[in-house]
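Residue strings, one per chain:
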Amino acid sequence: MNVDRSVLRQRAWTGLYSVAAVVVGLVISFAAIGLSGSPIGESIRQLFEGALGSSGQLAATVARMVPLVLVGLGWIVAARSAIFNIGLDGQIIVGGICATATALYVDAPTGVALVLAMAAGIVGGVLWAGIAAMLLARRHVNEIISTLMLSLIAVQILGWLLSGPLKDPSQTRSQTETLPSESFLPYLGNSDVLKWDLPLALLAVVMLSVVLSRSGFGFRMRLVSGNESAAHRAGVRTTRVRVQAFLISGSLAGLVGASLVLGSRTHTTAEGFYEGFGFDGIVVGLLARGSPWGTLPAAFLIAALHQGGGLMQAVLGVPSQLVLFTQGAVVVLVAISDPLTSRIRSRRADARDASGVPLAMGPAGTANVD
Amino acid sequence: MSREAEVPEPLFRLSGISKRFPGIWACRDASFEAFAGEIVGILGENGAGKSTLMNIATGLLRPDGGQIEFEGHPVTIRSPMDARRLGIGMVHQHFMLVPTMTVAENAAIGARPRRPPLSDVRRVAAHLREVSERYGFPIDPNARIEDLSVGARQRVEILRVLAQGAKLVILDEPTSVLTPQEWDDLSGILLALAAEGKGIILITHKFDELFAVADRCVVMRDGQTIGNVAMKDATKPALARMMVGRDLVLRVEPVHVDPGEPVLSVSDICLTDDTGRQLLDKINFEIREGEILGVAGVDGNGQDELVAVLSGLISATDGEIHFKGSPVPQFSPRDFVEMGAAVIPADRHGQGVVLDLSVEDNLMMSDFWTDAFSKRGWLRRAPIHDRTRRLISEFNIRTPNAAVLLRQLSGGNQQRVVLARELDRHPKLLIAAQPTRGLDVGAVEFVYERITQHKQCGGATLLISTELDEILSLADRVAVMVGGRVLQILDIHDADAERLGLLMAGGRSA
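Each chain carries its own residue numbering, running from 1 in the written order of its sequence. Whichever chain is written first is A, and whichever ligand is written first is 1; the rest continue in order. Under the rules for a predicted model, residues below a pLDDT of 70 receive no local features and side-chain atom pairs below 80 are neither given nor counted, while totals for whole chains, interfaces and linings still include all residues.

### Some thoughts on the overall build of chain A
How we decide: Note on conventions: DSSP H or I runs of at least 4 residues are helices, E runs of at least 2 residues are strands, and numbering of each starts at the N terminus. With C-alpha atoms as the basis for the radius of gyration, the globule rule is written as 2.2 Å multiplied by the number of residues raised to the power 0.38. Three classes are used. A residue is buried when 20 or more other C-beta atoms lie within 10 Å of its own, exposed when 12 or fewer do, and partly exposed in between, with C-beta atoms placed from the backbone.
Counting its regular elements, chain A contains 13 helices and zero strands. In chain A, the succession of helices and strands from N to C terminus is α-α-α-α-α-α-α-α-α-α-α-α-α. Over its C-alpha atoms chain A spans a radius of gyration of 23 Å, differing by no more than 12% from the 21 Å that the globule rule assigns to 370 residues. Across its three principal directions, the C-alpha atoms of chain A cover 80 × 55 × 40 Å. Counting every position in chain A, which comprises 370 residues, the buried fraction comes to 45%.

### Brief notes about the overall build of chain B
Helix and strand counts for chain B come out as 18 helices and 22 strands. For a compact globule of 510 residues, the expected C-alpha radius of gyration is about 24 Å, and chain B comes in at 25 Å, within 12% of that figure. Overall size of chain B, expressed as C-alpha extent along the three principal axes, is 75 × 50 × 45 Å. Out of the 510 residues belonging to chain B, those deemed buried represent 46%.

### Some details on the sheet that holds strand E21 (residues 477-482) of chain B
Residue and element names in this part refer to chain B. Rules: Here, strands pair whenever DSSP counts at least two bridges between them. Between N-to-C directions, angles cover 0 to 180 degrees, with each direction set by a line fitted to C-alpha atoms, over the stretch in contact for helices. For the purpose of contact definition, each residue receives a C-beta atom placed from its backbone, and two residues are in contact when these atoms lie within 7 Å.
Pairing is mixed in the open sheet, where six strands are placed in the order E16-E19-E20-E13-E21-E22. The open sheet has two edge strands with one neighbour each: strand E16 (341-344) and strand E22 (485-491). Neighbour to neighbour, the strand axes of the sheet diverge by 15° on average, direction disregarded. Judged from the six bridges that link them, E21 and E22 form a sheet pairing that is antiparallel. Looking at E22, one finds that Val480 is bridged to Gln488. Its contacts with the sheet put helix H18 (residues 497-504) on strand E13 (292-296), E21 and E22, and the angle it makes with E21 is roughly 30°.

### Description of the pairing of strand E10 (residues 224-230) of chain B
All names here are of chain B. Bridge count for strand E9 (residues 216-221) against E10 is six bridges, and the pairing is antiparallel. The partner of Met220 across the bridge, within E10, is Thr225. Connecting E9 to the next strand, E10, in antiparallel fashion are two residues, including Asp222 with a positive phi near 50°.

### Concerning the confidence of the model for chain B
Residue and element names in this part refer to chain B. For clarity, the threshold we go by: Scored between 0 and 100, pLDDT is the confidence that the predictor attaches to each residue.
Mean pLDDT over chain B stands at 86; residues scoring 70 or higher make up 91%. Between the elements of chain B, mean pLDDT differs from a low of 49, seen in helix H1 (residues 3-6), to a high of 96, seen in strand E19 (residues 429-433). Scored below 50 in pLDDT, residues 1-5 makes seven contacts in the model with residues more than four places away or belonging to other chains.

### Remarks on the domain arrangement of chain B
As a reminder, the rule being used: Domain start and end points were adopted from an automatic or database domain assignment.
Taken domain by domain, chain B consists of domain 1 (3-234), domain 2 (260-340 + 428-510) and domain 3 (354-426). On a C-alpha basis, the centres of domain 1 of chain B and domain 2 of chain B stand 35 Å from each other.

### Let's talk about the nonpolar core
For clarity, the threshold we go by: Here, a nonpolar core means buried Ala, Val, Leu, Ile, Met, Phe, Trp, Tyr and Cys residues linked by C-beta atoms lying within 7 Å of one another.
Counting 243 residues, the largest nonpolar core has Val71 of chain A together with Ile170, Ile201, Leu463 and Val480 of chain B as the members making the most contacts within it. When residues in this core are grouped by element, the largest group, 14 residues, is from helix H10 (residues 238-262) of chain A. Residues contacting Val480 of chain B, with those up to four places away along its chain left out, are Ala296, Gly297, Val486, Leu487, Gln488, Leu500, Leu503 and Met504 of chain B.

### Examining helix H2 (residues 50-57) of chain B
All names here are of chain B. Of all eight residues making up H2, eight are buried, and the element is well covered by its neighbours. Buried residues of H2: Lys50, Ser51, Thr52, Leu53, Met54, Asn55, Ile56 and Ala57, and no others. Of the residues one or two after H2, Gly59 is the one with positive phi, at around 85°.

### Structural notes on H10 of chain A
How we decide: Expected helix span is computed as 1.5 Å times (number of residues minus one).
Taking 1.5 Å as the rise per residue, H10 of chain A with 25 residues should run 36 Å; its terminal C-alpha atoms sit 36 Å apart, in good agreement. H10 of chain A sits mainly inside the fold: 22 of its 25 residues count as buried.

### A short note on the environment of Ser374 of chain B
Tracing the backbone shows Ser374 of chain B in strand E17 (residues 374-375). A count of 19 C-beta atoms within 10 Å places Ser374 of chain B in the partly exposed class. Taking C-alpha positions, Ser374 of chain B is 9.1 Å from Ile384 of chain B, a pair spaced ten residues apart along the chain. Residues in contact with Ser374 of chain B, not counting those within four places in the same chain, are Gly216 of chain A together with Phe368, Trp369, Leu379 and Arg380 of chain B.

Quick look at the structure:
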């Protein structure tokens, strides 16, 4: 649809605020490093080196970024329908479990086995999000609480499966047997780091951005998040829209679960395979401010911090928890910049109202729509 | 009564109070006096500024301009605490009581204990008992709020205010939750309080209450205090006129259309809320093609509920609705739209538009899923753009372009967007609830034209309005709603402002 200049300007501003939040977050983090007695300049260099220093490092960063993009998209789909899917972790886990079970127990030729296992992962994510979606639609259960609790349940289910039914009896660790190679997620070209989930994630970004801006479903989501009662009045089935968005969000998380399991270096599913991606994905979604394309730089940033943080710790002994520190700072900064910007905006609008300047003029179009 | 003569100095005076919210003057140069020993009513419709004025008096809001005096001294009231310290107490419409706590515990909230942090509920209880006996409405301080009736809870609120030493007691719509018997008790208490020398302010939109207890009444409209009448000189129609009717600004040429087939018929519609209160009581009417049925009544007498039931937002607890001859037992807002009906909601920002979406988005909200504008789930941009352009010019929506956010249009233009969206579908039935609320004269005229045009094209209209003139100029028949019931349906030729005003005030018939 057409977008007005004022709207574009506003979007540019929110983008800038995200960048500013990141910069300030990094400054705070490095100040903390300095206070702890480590050399700031050298830390920055190692962080940078670790994330982007060589083509291998860069590839590792991108490989880490891919699941973050998908989870970030999952957050965005839900958030755009005013749903806070905090439990992406749990949906990743259940997706991973379903993919693992399918890979282990369903015999199929190469390719088919992979597709089946990926599909099973998606179904798992949808199922886990679906429980919370049903509770929301039927019983008005707050999804923040239900998804959070469902994540805890998923963690326990995973632990039980890996120490019981799915456990490799020959191992002492809680992990599965090696998955059959028919279901491995293949490497991309001749890379030995990047896998086929990269083009999948890019495709998801493109698809989601088109669906959000051009489809009836995307429009319904905008209506629901813009004013649910007006949307309801106008004939939009608002509950259905929110449930659908919730399920799509879960399917993306489930896909991530499957790709983590099927693309694992050890070719087994172990406890903690999901770790970090659910929460980091939310950070990505927040930083991207609801824009599918925005997940790419946001996920890249978070992945780079993780990747570079590893080297920084190895070389300088600076704890890699720095990454969490930075993320926390960024999330808080993004959160406060939202009400901050809207307050500035409304104050400006007030000033304009009071001065009696008309808000919009004739169709000729010389009006101020700042 | 000559209480005023005995106490010439006002207890409380607001002069020239103004308060502006974004886009609207909630109070504009409002002035008001209350005397000790006097019961003064503030009469006005919802949105007239009564509550804003009283929130200013109790420190919940700060005025943008104007002066407040208490007992002859200029004062600044920064918080409810300040108001309480001065001796201004407020009994809110929705009780501010913690249901699981006792009367005394509730009264102890906000009262400063003698030895903090220890609370002294026992001392408060004793004090409450003493105060309640003095004014002749005994209440057990150790009763739990949730065990008390609504009327008793209200007495607790009053008691709490008195125990805090209030000299001026403000009651916000105190009867909206009371039964007639409970009102009798309350009026007795109010008279007793006034006799003791307390100043009483009674915010209401019901005339009977004022005639029963008040000495004087101040009428508010559009944020301004427009009248100050001694009750002994007041008549219901005069008050109704002051409160509701602006003077005739607009008269639409009456258009007669021979009514066709019935479009909407409603029989014995009832609605009861969770607590068993009867919100709609056996509503019956029929609207035919080319006919406008007006629903007159003071705000809050069941109009919102009627609209909610008819547009599918909530289901009636009893009764039948027929649309074009066939019964529609259960329907959603979506069904309502697809039956070929449209609604202009009274709460424009809450239910009519999405402020943070564009004009175009708002124009396509209720039919973007139809084949004309969607193809296999994808929006068809060309037809949408064409229609948007056409509607902007047809409905004279003044906007720089279609991509501007709705928030940036004036109220009148926002309403034009709603009208354009709803009327372009050529609905069989239009429910227009307060369609001109808050609009300037030009926009009002436009709304009238469009509704008339809809009628000429054979559409049926249910016009719900608190503006008597609006109903008198547009409607073919008028139903008067009071307390969730339709008192009477009059032919427009038998209706005039005076007669409607009397009916609205609750008189059986005139």
